[in-house]
Amino acid sequence: MTIREVATTPFPDQKPGTSGLRKKVPVFQQTGYAENFIQSIFDSLEGFAGRTLVIGGDGRFHNRAVIQTAIRMAAANGFGTILVGRGGILSTPAASHVIRLHGAFGGIILSASHNPGGPTEDFGIKYNIANGGPAPERITDAIFARSRTIDRYRILDAADVDLDCDGETRVGDAIVWVIDPVADYTALMEELFDFAAIRALIGSGFRIAFDAMSAVTGPYATEILEQRLGAPKGTVRNGLPLPDFGGHHPDPNLVHARALYDEMMGPEAPDFGAASDGDGDRNLIIGKGIFVTPSDSLAMLAANAHLAPGYARGLAGIARSMPTSGAADRVAEALGIPLFETPTGWKFFGNLLDAGQATICGEESAGTGSNHVRETDGLWAVLLWLNILAARRQSVQTIATEHWARFGRNYYARHDYEGVDTIAADAVIASVRGRLADLPGATIDALRIEAADDFAYHDPVDGSQSHGQGIRILFEGGSRIVFRLSGTGTSGATIRVYIERFEPAGGDLGRATGDAIADLVAAAEAIADIAGHTGRTVPDVVT
Ligand code: G16
């Protein structure tokens, strides 16, 4: 087998976003496109000769082709061992665990997460470091810089590896191991949670509906919920990962998991409904008759985590991304532990987790996780909920109601304006930014603005600074509006407006969210004039 140095020219658009490089499949199918980016990753790393690289993906269209390319390139660049999930499958949290468990140098995860898949849909490549977490900005910046100047990539002439057969193959000087993608992850979940208690809960007639959205979580959820925990066959729906996710958008929210939501609100609802996304890192939690927002879920999980064996000794701290509601802050305060507010993106939690300063982290974007891996983990959140339900033997509704009665309630919604012209989206943000100095002290209807800023983060562990991470408008009484642009879209820009009303304990805690935040929604439009800048009068997605 010969190693070839292939001459190439840079592509100008290989800047990683919130979570790796995401583009349409035809972009990735351009000659040399994936190769350039993978070589730029390797060229930005040092000291991996002879070490282990983990490769896996969410099974979407183009997954297998890029996995074969990545294997040949990893072998040609000097990795000693390459671990690949059978079928090219590894959920993002499972990949994070495999990297940590096997002491790998890092991993390449092929996913565009919750974005749709198929020949003209989305694809993505992300690099994770040895702690199992997404590469920090210092590395993603280096990858982008390298992609701008790259003039050759290194690849081995070798036959395709049989990805469907567990075991060992030699590719050049490297050993490629095809591994069971589910086994290591399942064993970790068994360590963290009281499977016997959950099994007893399910045995008592507790009904679960889990929608895997024809994405990567199917095999994991089937093994854990149906095989290990005894839930009846059929508990996991859409459990077979499909390259196009069955033509759906594998995003577990109230729009794309609507059928599950409707069922959970109906008279025959199961006791617990959940869903996960394309690569298995997001989660949706719905109780009988009640949707739990991701921000509330983080707060409720943190408040009850001690009921699961893996967290019985308590939490060191809680971290949330800035746009995530302040519900978790009140739990941290009650527990007497620190609360960290980071920019959007799981990569910002890595240092806090490594330093032992935070145990549980969460984001409004339906990501929740802990120090067990360095990624957000959809099935983990589902299992922690089930462990809590098994320990408390109360409904999701009762747990939520008691939580709000103690801590107050953060009514919360995110309004997304998708596929907006980039110039118009930038103008929205620029105009709000331009008003920051004037907003404090202003009132809009009865709402008084206390402070307004452009969020910046100072990492307490490595001292790094991140600026321009979203605009916060803070109102008296703890309510808030946040404006930012998504970093994960692949066409045009997505404007995200995050709206939150805080209602203290003793207040009106049972309102419909839309009613509770209506004045803040109007205030957001008054401040940002999204309609004027973009022509959009209503958001495309409300979650
Ligand atoms: C990714 C990141 C998350 C982030 C989310 C939203 O999620 O992993 O940490 O919160 O994007 O990012 P944005 O608001 O910039 O679109 P995923 O599930 O897409 O990998």
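Residues numbered from 1 in each chain as written. Predicted model: local features only at pLDDT ≥ 70, side-chain atom pairs only at ≥ 80, totals over all residues. Heavy atoms only, no water.

> Is there a simple way to explain empty space enclosed by the protein in this structure?
Which parts of space are left empty comes out when a probe the size of a water molecule is rolled across the atoms. Taken as a whole, this structure holds four cavities of 30 Å³ or more when the rule is applied. The computed volume of the largest cavity comes to approximately 310 Å³. Around the largest cavity, the lining comprises 25 residues; the ones closest to its centre are T18, S19, R282, E363 and S365. When the residues that make up the lining of the largest cavity are grouped by side-chain class, the tally is two nonpolar, 12 polar and 11 charged. Approximately 90 Å³ is the volume found for the second largest cavity. Counting residues per element, the ones that place at least two in the lining of the second largest cavity are α2 (33–43), β6 (122–128) and α5 (137–149). If one sorts the elements of the lining of the second largest cavity by residue count, β6 sits on top with three residues. (1 Å grid on protein atoms, 1.4 Å probe; cavity = no way out; pocket = protein on both sides within 12 Å on 5 of 7 lines; lining within 4 Å. Points joined across faces, edges and corners; volume = space filled by probe spheres on them. Nonpolar A, V, L, I, M, F, W, Y, C, P; charged D, E, K, R; others polar. Helix = DSSP H or I, 4+ residues; strand = E, 2+ residues; numbered from the N terminus.)

> Honestly, the site of the ligand in this entry has me stumped. Any pointers?
The local shell around the ligand holds 18 residues, among which S113, E363, G487, T488 and R496 are the closest. Here an oxygen atom of the ligand and a side-chain polar atom of E363 are 2.5 Å apart. One nitrogen or oxygen atom from the side chain of R484 is found 2.6 Å from an oxygen atom belonging to the ligand. Considered on its own, the ligand offers 470 Å² of accessible surface; in the complex 98% of this is hidden by protein. Among the cavities detected, the one that contains the ligand is the largest cavity. Residue classes in the shell around the ligand are distributed as one nonpolar, 10 polar and seven charged. (Near = heavy atom within 4 Å. Polar contact = N/O pair within 3.5 Å; in protein donor to acceptor, adjacent residues only side chain to side chain. Areas by Shrake-Rupley, 256 points an atom, 1.4 Å probe, with all protein chains shown as cover. Sits in = over half its atoms within 2 Å of the grid points.)

> Help me understand the packing of helix α13 (residues 378–392) against helix α14 (residues 396–407) in this model?
A packed helix pair is summarised by two numbers, namely the angle formed by the two axes and the spacing between the axes. It is the contact of α13 with α14, at a shortest axis distance of 10 Å, that shows an interaxial angle of 90 degrees. Of the possible angle classes, the one that applies to α13 and α14 is roughly perpendicular. The segment α13 lies against α14, with W385, I388, L389 and R392 engaging V396, I399 and E402. Across the contact of α13 with α14, the residue classes tally to five nonpolar, no polar and two charged. (Axes fitted to C-alpha atoms, helices over the stretch in contact; angles between N-to-C directions. Parallel < 35°, antiparallel > 145°, perpendicular 65-115°, else oblique. Contact = heavy atoms within 4.5 Å.)

> Looking at this model, I keep getting lost on the domain arrangement of the protein. Mind explaining?
Taken domain by domain, the protein comprises domain 1 (2–181), domain 2 (185–407) and domain 3 (409–542). Centre-to-centre, using C-alpha coordinates, domain 2 lies 25 Å away from domain 3. Taken together, the contacts link 29 residues of domain 2 with 24 residues of domain 3. For the pair domain 2 and domain 3, the summed buried surface comes to about 2,200 Å²; carbon and sulfur atoms form 57% of the total. Looking only at domain 2, the three residues that lose the most surface to domain 3 are M322, N351 and W404, adding up to 26% of its buried area. Taken together, the connections running from domain 2 to domain 3 amount to three salt bridges. Among the ionic pairs, R472 bridges to E341, the shortest N-O distance being 3.1 Å. Here domain 2 and domain 3 share 10 residue pairs in polar contact (both at pLDDT 80 or more) between them. (Domains from an automatic or database assignment. Buried area = accessible area lost by both parts, 1.4 Å probe. Salt bridge = Lys/Arg side-chain N within 4 Å of Asp/Glu carboxyl O.)

> When you look at the nonpolar core in this model, what are you seeing that I'm missing?
Side chains that are nonpolar tend, in soluble globular proteins, to be buried together. Residues M189, F193, F272, W380, W385 and L386 are the most contacted members of the largest nonpolar core, which totals 73 residues. The element best represented in this core is α13, accounting for 11 residues. Counting contributing residues per domain, this core is built from domain 1 (2–181) and domain 2 (185–407), each supplying no fewer than three. Other than its neighbours up to four places away in sequence, M189 contacts F195, I224, H372, D377, W380 and L383. Counting residues in each nonpolar core, the second largest holds 46 residues, with I82, V84, I129 and V176 among its members. (Core = buried A, V, L, I, M, F, W, Y, C linked by side-chain atoms within 4.5 Å. Buried < 20%, exposed > 50% of the residue type's maximum accessible area, 1.4 Å probe, protein only.)

> Please clarify how unusual backbone geometry should be interpreted in this entry.
What you tend to see is this: most non-glycine residues have negative phi, and most peptide bonds are trans. Look at S214: it is not a glycine, yet its phi comes out positive at around 55 degrees. Here S214 is to be found in the loop between β10 (208–211) and α8 (217–228). For S214, a relative accessible area of 6% translates into the label buried.

> Help me understand the layout of surface pockets in this model?
A volume near 970 Å³ is recorded for the largest pocket. What lines the largest pocket is a set of 36 residues, among which G17, T18, L485, S486 and G487 lie closest to the centre. Contributing elements (two or more residues each) for the lining of the largest pocket: β2 (21–24), α5, α15 (422–434), β25 (480–485) and β26 (493–503). Within the lining of the largest pocket, the residues separate by chemical class into nine nonpolar, 17 polar and 10 charged. Quantified by volume, the second largest pocket comes out at close to 570 Å³. If you list the elements that add at least two residues to the lining of the second largest pocket, you get β13 (283–287), β14 (290–292), α10 (294–304), β19 (409–420) and β26. When its residues are assigned to classes, the lining of the second largest pocket shows 11 nonpolar, 17 polar and 10 charged.

> Hey, could you run me through helix α9 (residues 258–265) in this one?
Spacing of three or four residues puts side chains on the same side of an α-helix, whose turn is 3.6 residues. Along α9, the residues that are buried comprise L260, Y261 and M264. End-on view of α9: buried residues confined to an arc of 100 degrees, all on one side of the axis. (Arc of directions from axis to C-beta.)

> What exactly am I supposed to notice about the sheet that holds strand β5 (residues 106–110) here?
Note: strands within a sheet are paired through backbone hydrogen bonds, in either parallel or antiparallel orientation. The strand order across the open sheet built from seven strands is β2-β6-β5-β3-β4-β9-β8, with neighbouring strands paired in mixed fashion. Two strands in the sheet have a free side with no partner beyond their single neighbour: β2 and β8 (167–171). On average, each strand axis in the sheet is inclined to that of its neighbour by 20 degrees, with strand direction left out of account. Alignment of β5 against β6, held across four bridges, turns out to be antiparallel. When the sheet's bridge partners are listed, I109 is paired in β6 with K126. Across the face of the sheet, α2 comes into contact with β2, β3 (52–57), β5 and β6 while running at roughly 15 degrees to β6. Against the sheet, helix α4 (residues 92–101) engages β3, β4 (81–89), β5, β6 and β9 (174–179), with an angle of about 165 degrees to β5. (Pairing = 2+ DSSP bridges.)

> Looking at this structure, how should I read the packing of aromatic side chains?
Two numbers describe a pair of aromatic rings. These are the distance of the centres and the angle of the planes. Counted by the stated rule, this structure contains 12 aromatic pairs. Seen from their ring centres, F28 and F123 are 5.1 Å apart, and the 75 degrees between their planes marks the pair as edge-to-face. With F28 in helix α1 (residues 25–28) and F123 in strand β6, the pair connects residues that are 95 residues apart, well separated along the chain. As far as the burial class goes, F28 and F123 line up, both buried. The interplanar angle of 65 degrees and the centroid separation of 6.3 Å between the aromatic rings of F79 and F105 together place this pair among those described as edge-to-face. With F79 in the loop between α3 (63–77) and β4 and F105 in the loop between α4 and β5, this pair connects stretches of sequence that are 26 residues apart. F79 gets classed as buried once you look at its relative accessible area, which sits at 2%. In this structure F105 comes out as buried when scored by relative accessible area, which is 14%. (Phe/Tyr/Trp six-rings, centres within 6.5 Å; stacked < 30°, edge-to-face > 60°.)

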